[in-house]
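Geometric and topological summary
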Amino acid sequence: MKTWPFGDDADRDDPLTELRIAVTGSHPMWSYLVAFDKESAERPTEAEAAMLVSFLEEYKTHWYGEGGYRHKLAERPLDVDGGANGTVFRKWGRDDWGHRKQSWTRGPMYVPLSPGNRKNYPSEALGPLSLLQLMNRIHSHGDDEPSTRWEKWKSRHPEDFGIT
C-alpha cells in the first residue's frame, strides 16, 4: 500500500480501505469523499460494499471526469478533497442505514435518525432505509425522486446494486 498519510483518522487495515472507502469516525479530520463510520452496529455486506464503491465512483465521475484532479486523487490510498462535502455512512442494522455530510453542524448527526431516536422523535422519524433507498434519497433534490443522473448511473451499473 502507498504511504499512509491519515494517521489514526482512518483504519489502514480495514478491508473497505482497499476499496477506497475510509473507515473512520463520525467526524473525520480528513475530507474523505466517502467514509464508513467504524462505530456502526454492523459491517456492510459484500453487496453493500459494492454499492459504497459505486456511490464513490459516481461522485468522482460526475465531479472530476476521467482526468484532472481524479489523477491527483489516485495518488493517495483514499479519496480526499478539501473542497468536497463528503458523505459518512453508518449502518444501524440489517437494511437500516444513515448518512451525514461532513459539513453538518446542526440537527441530527445522521439521517435517518438512529433507531433509538426514531422512538423519541416519531414525527421526524424516517427509516429504516436500505443502503440503496438511502442512496436514492441522497440523490433526490427536494422531492422523493432520485436525480436522472443517479438513475442513469444505476442503469449502467446494475450489478453494483443487485438490479437485474
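The following paragraphs examine the structure supplied in this document. (Residues numbered from 1 in each chain as written. Predicted model: local features only at pLDDT ≥ 70, side-chain atom pairs only at ≥ 80, totals over all residues. Heavy atoms only, no water.)

Focus: the side chain of serine 54
This is how the line gets drawn: Numbering goes from the N terminus for both helices and strands, where a helix is a DSSP run of H or I of at least four residues and a strand is a run of E of at least two. Contacts are assigned to residue pairs with any non-hydrogen atoms lying within 4.5 Å of each other.
Position of serine 54 relative to the elements: it lies in helix α2 (residues 46-64). Once residues within four sequence positions are removed from consideration, serine 54 is found in contact with Trp153, His157, Asp160 and Phe161.

Re the packing of α2 against helix α6 (residues 148-156)
The axes of two packed helices give the description: the angle between them and the distance between them. Our working definition: Here the axes come from fitting lines to C-alpha atoms, over the contacting stretch only for helices, and the angles between their N-to-C directions go from 0 to 180 degrees. By the definition adopted for this analysis, an angle is roughly parallel if under 35 degrees, roughly antiparallel if over 145, roughly perpendicular if from 65 to 115, and oblique otherwise. Crossing chirality is assigned from the near helix's rotation relative to the far helix, an anticlockwise turn below a right angle marking it left-handed and a clockwise turn marking it right-handed. Under the convention adopted here, Pro, Cys and the residues Ala, Val, Leu, Ile, Met, Phe, Trp and Tyr are nonpolar, Asp, Glu, Lys and Arg are charged, and Gly plus all remaining residues are polar.
Viewed as axis vectors pointing N to C, α2 and α6 meet at an angle of 125°, and their least axial separation amounts to 11 Å. The orientation of α2 relative to α6 falls into the category oblique. The two elements α2 and α6 cross, and the hand of that crossing is right-handed. Residues Ser54, Phe55, Glu57, Glu58, Thr61 and His62 of α2 touch α6, and the partners they reach there are Arg149, Trp150 and Trp153. Along the lines of polarity and charge, the residues of the contact of α2 with α6 split into three nonpolar, three polar and three charged.

Observations regarding the packing of helix α5 (residues 131-138) against α6
It is at 9 Å that the axes of α5 and α6 come closest, and there the two elements cross at 145°. Where α5 approaches α6, its residues Leu132, Met135 and Asn136 are matched on the opposing element by Trp150, Glu151 and Lys154.

As for the nonpolar core
So the rule is basically this: We define a nonpolar core as any set of buried Ala, Val, Leu, Ile, Met, Phe, Trp, Tyr and Cys residues linked to one another through side-chain atoms lying within 4.5 Å. With a 1.4 Å probe rolled over the protein chains alone, any residue whose accessible area is under 20% of its type maximum counts as buried; one over 50% counts as exposed, and the rest are partly exposed.
Core analysis: the biggest nonpolar cluster contains 24 residues, and Ile21, Leu33, Leu52, Phe89, Trp97, Leu131 and Met135 have the highest contact counts within it. Counting only elements with at least two residues in this core, the list comes to β2 (34-37), α2, α5 and α6. In terms of residue count, the dominant contributor to this core is α2 (seven residues). Grouped together as the second largest cluster of nonpolar side chains are 11 residues, Ala22, Ala35, Leu78 and Trp92 included.

Quick look at the pattern of salt bridges
Under the convention used in this document: Just to be clear on terms, a salt bridge is a Lys or Arg side-chain nitrogen sitting within 4 Å of an Asp or Glu carboxyl oxygen.
Applying the stated rule across the entire model yields 12 salt bridges. Note that aspartate 79 is salt-bridged to arginine 20, the shortest N-O span being 2.7 Å. Taken as a pair, aspartate 79 in the loop between α3 (69-73) and β3 (87-93) and arginine 20 in the loop between α1 (15-18) and β1 (22-24) lie far apart in primary sequence, 59 residues in all. Among the ionic pairs, lysine 91 bridges to glutamate 42, the shortest N-O distance being 3.6 Å. In this pair, lysine 91 is assigned in strand β3 and glutamate 42 in the loop between β2 and α2, connecting sequence segments 49 residues apart.

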